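# Observations on the three-dimensional arrangement
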Amino acid sequence: MTEAMRALTKGPMLRRLIFFLLVSLTTLLALGLLVSVFQTGGFSPMELLLLLLYTILMAWISISFWTALMGFFTLLFGRDRWAISQRSASSDSAALPRTAILMPIYNEDSERVFAGLHAIHQSLAETGQLENFDFFILSDTRDPDVWVEEELRWQDMVQALDGKGRIFYRNRPENTERKSGNLEDFCVRWGSQYRYMIVLDADSIMQGSTLVEMTRLMECHPQVALLQTPPVPVNRESLFARILQFAGSIYGRMFTAGLNYWQLGESNYWGHNAIIRVQPFMDHCGLPRLPGREPFGGSILSHDFVEAALLRRAGWEVWLAYDLIGSYEEIPPTLIDYAKRDRRWCQGNLQHLRLALAHGFNGLSRLHFLMGVMSYLASPLWLLFLIATGVEAFIQTRQETIYFFGENWIPVWPVSFAVEMTTVLLVTLTMLFLPKLLALLLLLKDSRLRRDYGGMFAATLSVILETVFSVLTAPVLMLFQTKFVVAILLRRAVGWPPQQRGDHMTSFKEAALAHGGHTLTGIVVGVLSYYYVPTFFWWFTPVLLGLLLSIPVSMLSSSIALGRKAKELGLFLTPEETEPPPVLCYLEEHLQENEPVLPVLWDKPTSRFLQALTDPYVNALHLSLLPETESPGKRRRHYLEGLIHQLEEEGPGGLSATQKRDLISDPDTLLRLHALFWSRPPINAGMLP
Amino acid sequence: MDRAQVNTGEHYLAPLTPAPSHDALLGRLGAYWRALGVSDPKQIAALSEQALRRLPDHAESTDLLTAALLAARELLDDWLARTLDLPRQPRVLAAARAALLNGTIPNWPAVLFTPPDDAARDVADDLRVALAEAVPASVPGAMPTQRIELFSLLHPLHRGSRQDASSSSGMSHS
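The structure reproduced in this document is the subject of the present report. In this text the structure is predicted, and so the values were computed from the model without any measurement. (Residues numbered from 1 in each chain as written. Chains lettered and ligands numbered in written order. Predicted model: local features only at pLDDT ≥ 70, side-chain atom pairs only at ≥ 80, totals over all residues. Heavy atoms only, no water.)

As a further point, take helix α21 (residues 582–593) of chain A. All names here are of chain A. The terminal C-alpha atoms of α21, which comprises 12 residues, lie 16 Å apart, in line with the 16 Å expected from a rise of 1.5 Å per residue. Three or more residues of α21 are buried, namely Val583, Leu584, Tyr586, Leu587 and His590. Seen end-on, α21 carries its buried residues on one side only, within an arc spanning 155°. Those residues of α21 that are exposed and angled more than 90 degrees off the buried face are Gln592 and Glu593. Contact partners of the buried residues in α21: α3 (110–127), β5 (205–206), β10 (327–329) and α20 (575–578). Just downstream of α21 lies Asn594, where phi reads positive at about 45°. (Helix = DSSP H or I, 4+ residues; strand = E, 2+ residues; numbered from the N terminus. Expected span 1.5 Å × (residues − 1). Buried < 20%, exposed > 50% of the residue type's maximum accessible area, 1.4 Å probe, protein only. Arc of directions from axis to C-beta. Contact = heavy atoms within 4.5 Å.)

All right, on to the interface of chain A and chain B then. Tallying the contact residues gives 78 residues for chain A and 57 residues for chain B. When chain A packs against chain B, the two sides together hide about 5,800 Å² of surface, and 62% of this comes from carbon and sulfur. The tally of links from chain A across to chain B stands at one salt bridge. Across the chain A-chain B interface, the total number found is 23 residue pairs in polar contact (both at pLDDT 80 or more). Class assignment of the residues belonging to the side of chain A that touches chain B gives a composition of 47 nonpolar, 18 polar and 13 charged. (Buried area = accessible area lost by both parts, 1.4 Å probe. Salt bridge = Lys/Arg side-chain N within 4 Å of Asp/Glu carboxyl O. Polar contact = N/O pair within 3.5 Å; in protein donor to acceptor, adjacent residues only side chain to side chain. Nonpolar A, V, L, I, M, F, W, Y, C, P; charged D, E, K, R; others polar.)

Residues and elements named next belong to chain A. Taken N-terminus to C-terminus, the directions of helix α16 (residues 508–532) and helix α17 (residues 534–548) make an angle of 170°; their axes are 9 Å apart at the nearest point. As the angle between them shows, α16 and α17 are arranged roughly antiparallel. Only Pro534, Phe536, Phe537, Trp538, Phe540, Leu544, Leu547 and Leu548 of α17 make contact with α16, whose side of the interface consists of His518, Thr519, Thr521, Gly522, Ile523, Val525, Gly526, Ser529, Tyr530, Tyr531 and Tyr532. The residue inventory of the contact of α16 with α17, partitioned by class, reads 13 nonpolar, six polar and no charged. (Axes fitted to C-alpha atoms, helices over the stretch in contact; angles between N-to-C directions. Parallel < 35°, antiparallel > 145°, perpendicular 65-115°, else oblique.)

The next point concerns the sheet that holds β10 of chain A. Residue and element names in this part refer to chain A. Across the sheet, three strands lie side by side as β5-β10-β7; this open sheet has mixed pairing. Strands at the two margins of the open sheet, each flanked by one partner only, are β5 and β7 (232–233). Taken together, the two bridges between β5 and β10 define a ladder with antiparallel strand orientation. Across the sheet, the residue bridging to Ile205 is Tyr328, located in β10. (Pairing = 2+ DSSP bridges.)

Okay, here's the thing in structure tokens:
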């Protein structure tokens, strides 16, 4: 073994040893303080429960805290010598291999999806490396109107960018195994023609130079199968999203640097904005179905963690390129949309509970699984902890203090544990809030970064306000996530609803429906604790306040006007807002100007489905893009025949989205309907001459 | 589906005309040719007549108006297949039709009426360039399903006996 190799294996081990030692010691220290409070008079079952919950939660907070601290020192000293980008021997002149840029989509806003791809394409063209990259729009869209819109937008992009043979589109007839199945379908059909694939999400944006650098890094490190970039949240204007963007940006850079510090080549995959070596992915990432039924069995939902674990199991390295900038994503615009996204992710992450103990996975892969589980399980555990604390406080208030024992006339004063309890609280709060302070300290080091965050005063004020906001929303998210976890544990499967990604305001009705229960919980718990455990009530006020104000906070934070006002005041600014990178400017331009090449896109008809039946061009394009399938059997033909008659009689309003999709999925039916609509135009529609 | 929104009083599409007049047929065909981008009335008339001459091929299977429109599309497809030397497959011909109608060759109807010459060949070349290529040629590869052995307290006892049974599914819950 060479000296360099020895150093490589020793470095990660030492880092992890330090990291886990710190996490363990911190947890034990905090636990020791609590034990010292409880141990007098022995442990009651309630106290044992509190200790158990506190240990789990403290370990969870410790991991986060020490990760942030390691990230802080990494950024403070400027670089991590073990980072994959630092170990690069890349040459700018070396030819790049063919790389596929994949964008899996599912009923998304087509205009935004293609504007994003257009921006990435433009940015990539500026690097002079465009010819080495092919774009694949991998659609799993089921909505017939969105499907046709996607086809038109794709064709428009191909024509506008002269992208024939470089920009591809396909819609899967069946969306088997969802996103992982979508990617698998790509790999099986075309994967062998590419050395790398860069996986994006529908709202991903990546700078061209970043894409090129990712490919170069992979070329320099043949043992690496996956390189994840940290996607920075951008582009939203609502107050909620801008606060999250700010937090994700200013704290996120510290956390990702910290994660890289102790994970190095055993990092994780977050599902998008990552480059993957295709062959090992094909060899080792064919996902099985988990035994049993949903929610724990069936398809693996959060496939990314599992794919990273499978690659690690096969001996490949997985890295987080924490210092690679130019990787962006968009986040949900409102608190309710954020919770909806959580609902989708929650089931997938809880599934990982079964995988954490599966045979053959590496230790860190297991930890990634457990961290994924804890992202959601932490909420019910916190809730349980709060309830247990309240009950324990209530029990304490019921116990009469005895000052005189037996014949002893000297009073025995009750021992006060105020110092220990305050220390426990302070340790916990420090671990939660110190990373925010450290992130601010990092700004002192870098004047440009300080300016990008709006200056030291504005950044400090933003951190304070963000902290208040996160304190207010944390109890709401805790109840949301607890509800999701309970629903899943009761085997009530979570659906796969498409996200509402664009900025939009939360109405009172929507907020009341979503948060009515939270408000009521706040009132009931507040009254009960005030009357029965008044000392506990005052400790509990931050949680109660969050619940009581959930409706106005949810509504106000969804406001785009407030988000813009905060921006004007220099609050929650991020570097991407202060000085937008070119690729984000391109996206904005494409969304604003939006001048399609295809005339058919100049107008927005009420139904693209009907347009596929009536417009000769749309009809021809759609038909040409249908996959080669076997002719439908007799039963299927009868079914389609029935749908045609239904359409003739009732119009498109009488058909479900699935039925419409069935009609335009069959070539013969499509041609027949086209002729039918032209020979017998709709009576009242006025759509045909 | 909201059935209340469905108009049950009259059909959505116009009622079937059992024996449409020649003028009615020409009228519908004319509208269709115009939608395809043919604006010259003489060309429309000539194309419509050609389509009507093909009617006996279709008239038995469907109503006359629909048959006339199918014949019009077939007329166009024939020309495209000849000009571009394409196989007569619905998707291939649809791709050619889409290329013709996407606006890249604005004067295409004129070429229909000219004998094969350089101009027609140029149009054919332009059409080939404009043909959509949705996906590259497939080069099938394999992505074998991985085996994941889930944890069980009885694992050591069952490991041997389960190996055979679970090898086909790729997933073992031992």
